Amino acid sequence: MNYKNDFPMLNKDIVYFDNGATTLKPKVVMDAIYDYYSNYSSNAHRGDYKISLKASSEYENVREKVKEFINANSKDEIVFTSGSTESLNMIVNGYFKYNLSKDDEVLTTKSEHASNILPWYELENEIGIKVKYIPLTENHYVTLENVIKSITNKTKVISIAHVTNVIGDVRPIKEIIQYAHKNNILVVIDGAQSVGHTKVDVQKLDIDFLAFSAHKMLGPTGVGVLYGKYDLLDSIRPIKYGGGMNVSFTNPKEIEYKPLPYKLEAGTQNIADVIGFGKAIDYINNVGIDNIEEYCNQLKEYIVNKLKNIKHINIYNENVEGSTIAFNVDGVFAQDTAIYLDKYNICVRSGSHCAKKLEDELGIKNTCRISIYFYNTTKDADRLIQALDNDKILEESLGV
Amino acid sequence: MDSNFKRTLMLENYERPFHKGLLDDNTYISLNKNNSSCIDSFNIQLKMEDGKIKDIRFDGEACAIATSSMSISISKLIGKTKEEALNIIENYEKMIDEKDYNKDILEELNAYEDIYKQPSRKKCATLGIEGIKDLINKEK
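The model shown is predicted, which means the values in this text are computed figures rather than measured ones. (Residues numbered from 1 in each chain as written. Chains lettered and ligands numbered in written order. Predicted model: local features only at pLDDT ≥ 70, side-chain atom pairs only at ≥ 80, totals over all residues.)

1. Some details on the overall build of chain B
The secondary structure content of chain B amounts to 5 helices and 3 strands. Listing every helix and strand of chain B by position from the N terminus yields α-β-β-β-α-α-α-α. On C-alpha atoms alone, chain B measures out to a radius of gyration of 14 Å, which is about the 14 Å that the 2.2 N^0.38 rule sets for 140 residues. Buried positions account for 39% of the 140 residues belonging to chain B. Across chain B, contacts joining residues at least 24 apart in sequence account for 59% of those joining residues at least 6 apart. (Helix = DSSP H or I, 4+ residues; strand = E, 2+ residues; numbered from the N terminus. Rg over C-alpha atoms; globule rule 2.2 N^0.38 Å. Buried ≥ 20, exposed ≤ 12 C-beta atoms within 10 Å, placed from the backbone. Contact = placed C-beta atoms within 7 Å.)

Here it is, written out as structure tokens:
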């Protein structure tokens, strides 16, 4: 399929392979935001006039769309946040802070994004929980076997990404969750890299808490989702208090908060971008999440098979299905490779990709990351491969 | 300085940097210098003796521009007095910022005279030498 008509950014002679950082946006998303600001700009849940009612209903429709998209039991289990980072912080600081005690253990991995490690580190500093790591296999996978080995009678939470942002491996979360629940362990899933790439059915997977971001799935920046099973979500203490989340207050002893999801959405929400996010979900539904997954896997295989033949390229996750390729060029610092590719208008990311503990596992600190989405073409891939098939990358990266 | 020569100088200093590797020696003062917007990070050691820079060493991971300019800066600054070194550094900073500067005293450091054309690389080209400057200024 040709998406050039739908994505303004695809008409700029840029090859964009940094989808793990953020995806491009289709025009329908931008149009919806423009439409809100142009035609019914007003606050949601506040007014008695027509355009405010429209703003409220458009905003709430998106909640319904998200509910359908991840198959939540109820739309009250969908809370809008500013992104995965805020969602994860709310889970850790609004729920676990009050439900864990000293020496309780949380299991995570060394390939997590900073936003799924730092809140736990801070909780360790604050209340003395212990952050432990599930060992990764040689290919940097998480296996159920290694999860089982890591569980002790102190383990209360497993908090892991569904798909990691450097290696791109898909964790067997269904099996992990089943096992965890048998042992009274709750599971937090960081879905930032997975929800727009593979079907995530929170009921089928039996996920306790899920965090994800709109901008990594065609939506605007500044919007994310916090999903939780109703009773768990209802136990989260708000981090923010203010308008829109209370029913009444007279003094510190007499305060009544609204029910879910509103009690976790204090203040005026990011109405415009939530409405834009709704169009992003429609777009993904039209393409089909299974098609997206299959296409990204195929394009990854196509690129890997060609890069493998270039002798100065080292790929770190060749055998991993998914949409991410982590690599380096022999003797070239990752950032120099990325700067070199930029000369050909090819966008890739270099660095530790916010997964700073992964160094312990990979033995290298910095990589270049190619992250694919469904609008990338084999033509994009060929341009990338051609640029990398050059034994003067270091020299040309200098720019002198 | 022609482009070919500049490239060769940079590549040689990136691939075989001068004084890379730290010493376990408490007569050196040291610091970490990194770019918060990218992934370059250096640990730098400096030793002054009789008012002169006796030695500078470094370690860390950084791009070719940062590493090579660090290496060249070290070889250029060892043996200089504090004032001489600060004067060279000041002229180097002026060159990077496209201001008037004394080309003659920079010698091989002139390899970076065109870096201003790549604004995102300015920080790479100054990371090491700024670290050295911080250390020199720490010394009374």
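2. Quick notes on the interface of chain A and chain B
Of the residues lining the interface, 14 residues belong to chain A; the matching set on chain B comes to 15 residues. Those elements giving two or more residues to the side of chain A that touches chain B turn out to be helix 11 (334-342), strand 14 (349-351) and helix 14 (393-397) of chain A. Looking at the side of chain A that touches chain B, the element that brings in the most residues is helix 14 of chain A, giving 3 residues. Each residue belonging to the side of chain A that touches chain B can be placed in one class, and the counts come to 4 nonpolar, 7 polar and 3 charged. (Nonpolar A, V, L, I, M, F, W, Y, C, P; charged D, E, K, R; others polar.)

3. Description of the domain arrangement of chain A
Residues and elements named next belong to chain A. By domain assignment, chain A separates into domain 1 (8-17 + 288-397) and domain 2 (28-285). Looking at the side of domain 1 that touches domain 2, the elements with two or more residues in it are helix 10 (289-307), strand 12 (324-329), helix 12 (359-362) and strand 15 (367-371). Its residues assigned to classes, the side of domain 1 that touches domain 2 shows 8 nonpolar, 7 polar and 8 charged. (Domains from an automatic or database assignment.)

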